[in-house]
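# Architecture at a glance
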Amino acid sequence: MTLQSQLRVAALVLPMVLVATGCGSGESEPTTARVAMGSVSHTVAATGTLQAITEQKLGFAKGGKLTQLLVSVGQQVQAGQVLAMIDDLDAKADLQKATAKFNVEQARLDKLNDSNRVDAADEDHDRANDILDATKDERNEIGDANGDYIKQLRDQLADDREGLRNARAQLRSDQSRCNRSATGNSHRYGGYGDYTELTSKSDKGLLLENPLNLHSPSCERAERGKQAVASYERRLRYGQNQLSQAQRRENVDSARQRVAVANAKRDAAAAKNEAEERALDLPHEIAEQEASVSDAEAEVRRAQRDVDDTVLRAPVSGRVSSINGTVGEYLGSASGTTPLAPGGRVSLPDVEAGAGDKDSEGNKATRPGGNSFMSLKDVNSYQVIAPFEESDAAQIQPGQKVNVSFDAVPGLSRTGTVASIAPVGTQIKDVTNYYVSVVLNELDDRLKGGLTAESKIIVGGLDNVLVVPSAAVQRAGNTGVVQVMQADGTTKQVQVELGLVGDTTTQVLSGLTLGQRVVIAQN
């Protein structure tokens, strides 16, 4: 098995106490470990090269409306400092939906696990009612989330309409003053056309070219007012479109929830009659429902990550060198920020600005920092460029945490953050790999450019769960067998239900209790 495809597991929150003592017969007791509460992390790993970096480009994983900008160009920032925020309304609504769905799926799993009791029929009926309540709660939460979102859009539209009315009123006033200033009340100036072609007669009948005071403050305000009116009109069109989409989504969600509640009511009514029939298929139904719970749990984690990604933090210390955006503007996703050259180990140079970015002479301009939202200079840090096999690369996302170790410096480990992933794969020994850039969050005087570094990227994990060493478990799918040490020194084989599995620790869902001693298999 290659390093790129291995699972890695973080250290336990509570240490597992290994026990190994001798007995009177001269033979050693088997090595054991305590069942403890800990953290299991699913990681992917690859080996790459350490490189010094002096610049870091930043952006949001997903686009959105910039609501807060907390730094300015030239400001020194520290690693972990909040730099900016985008609107998190959609992300939080998705998290509410995912959490409600997880609660429903977990309630169904609890119902299945309890259905093998003596009073299975009555308890199945109770669990069905729990599902009905959870489904109603889900309907209410989704309805509240959609309603809040629509209200916010309507409030914003109302504000924009009021802003448009005020802008138009101000424009009319400024235009009127501009007309009087430009023509002396003898001509009407609409604010358009080539000013140099306007003429008037002197008192002797001679034509005087360009007699207008076209650079008066009122005329300049009128020109700015036209731009403001146009901006409000664009915002209103965009807001109306967003409102229509939100209302359609609300209708679809409402219809789905009505069906879900109806189904839950039907299941509750039929639960008692179906108890015996379900008992025959119980093991298969439990396995299927466990998969549904795992999917719902993964969706909750994804939704929570999306909420977290609405806050942009500095991955390393540095000085803000450029900011391309202001509060109220809509930013694109950071998928193109700091891309690696396909098959290379360096980032692509700054790209040119968009077609609409022109300098004063009409030439295409290049924005500081390229198309990235924000850039940090004077970073004085390192990055690791490493190739990951395509199956591992598919699980990697910008912003994930990384543990980095170095062959040349035994015992030295530093944390990092995934900065970017190459958009095109590279063939390495007939295997497609994608280069990944990892920025170190911590420095050390022993680090030098060119060192070989192993990056272990955390792509999933659980905290504060019941865990045992993986070496103590004989796995068979989602279940396993462990040898539990008894008080009299004998061992007892126990079947357990497994959750997330790693190289050194495994999550236990049922079958063991906190503090039990399990035997670790010897190689």
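Above this note sits the structure.
So, a few notes on the structure that sits alongside this text. It should be emphasised that the depicted structure is a prediction, and the values quoted were computed from it without experimental measurement.

What counts and how
- Residues numbered from 1 in each chain as written.
- Predicted model: local features only at pLDDT ≥ 70, side-chain atom pairs only at ≥ 80, totals over all residues.
- Heavy atoms only, no water.
- Helix = DSSP H or I, 4+ residues; strand = E, 2+ residues; numbered from the N terminus.
- Contact = heavy atoms within 4.5 Å.
- Areas by Shrake-Rupley, 256 points an atom, 1.4 Å probe, with all protein chains shown as cover.
- Phe/Tyr/Trp six-rings, centres within 6.5 Å; stacked < 30°, edge-to-face > 60°.
- Buried < 20%, exposed > 50% of the residue type's maximum accessible area, 1.4 Å probe, protein only.
- Salt bridge = Lys/Arg side-chain N within 4 Å of Asp/Glu carboxyl O.
- Disulfide = S-S within 2.5 Å.

Scanning the protein chain from terminus to terminus reveals six helices and 21 strands. In the protein chain, of all internal contacts separated by at least 6 residues, the share reaching a separation of at least 24 is 74%. Carbon together with sulfur atoms contributes 48% to the accessible area of the protein chain, which is approximately 28700 Å² in total.

Before going further, it helps to examine the packing of aromatic side chains. The final tally for this structure, using the stated rule, is two aromatic pairs. Geometrically, the ring pair formed by Phe 60 and Phe 373 is tilted, given 5.7 Å between the ring centres and 40° between the ring planes. Note that Phe 60 is positioned in the loop between strand 2 (36–58) and strand 3 (64–69) and Phe 373 in the loop between strand 10 (330–331) and strand 11 (374–389), a separation of 313 residues in sequence. Note on accessibility: Phe 60 and Phe 373 belong to one class, buried.

Time to look at the pattern of salt bridges. Applying the stated criterion across every chain, the model contains 17 salt bridges. Taking the shortest distance from any N to any O, the salt bridge between Asp 90 and Arg 249 comes out at 3.9 Å. With Asp 90 in helix 1 (residues 89–114) and Arg 249 in helix 3 (residues 217–270), the pair connects residues that are 159 residues apart, well separated along the chain. A salt bridge links Glu 223 to Lys 226, with the shortest nitrogen-to-oxygen separation between them at 3.5 Å. Residue Glu 223 and its partner Lys 226 are both found in helix 3; the two are separated by three residues, about one turn of the helix. Within the structure, one salt-bridge network assembled from shared partners comprises Lys 62, Glu 299, Arg 302 and Asp 306.

The full count for this structure, using the stated rule, is one disulfide. With a sulfur-sulfur separation of 2.0 Å, Cys 178 is cross-linked through a disulfide to Cys 219. Between Cys 178 and Cys 219, the S-S torsion sits near 90°, and that sign places the bridge as right-handed. With Cys 178 in helix 2 (residues 120–183) and Cys 219 in helix 3, this pair connects stretches of sequence that are 41 residues apart.

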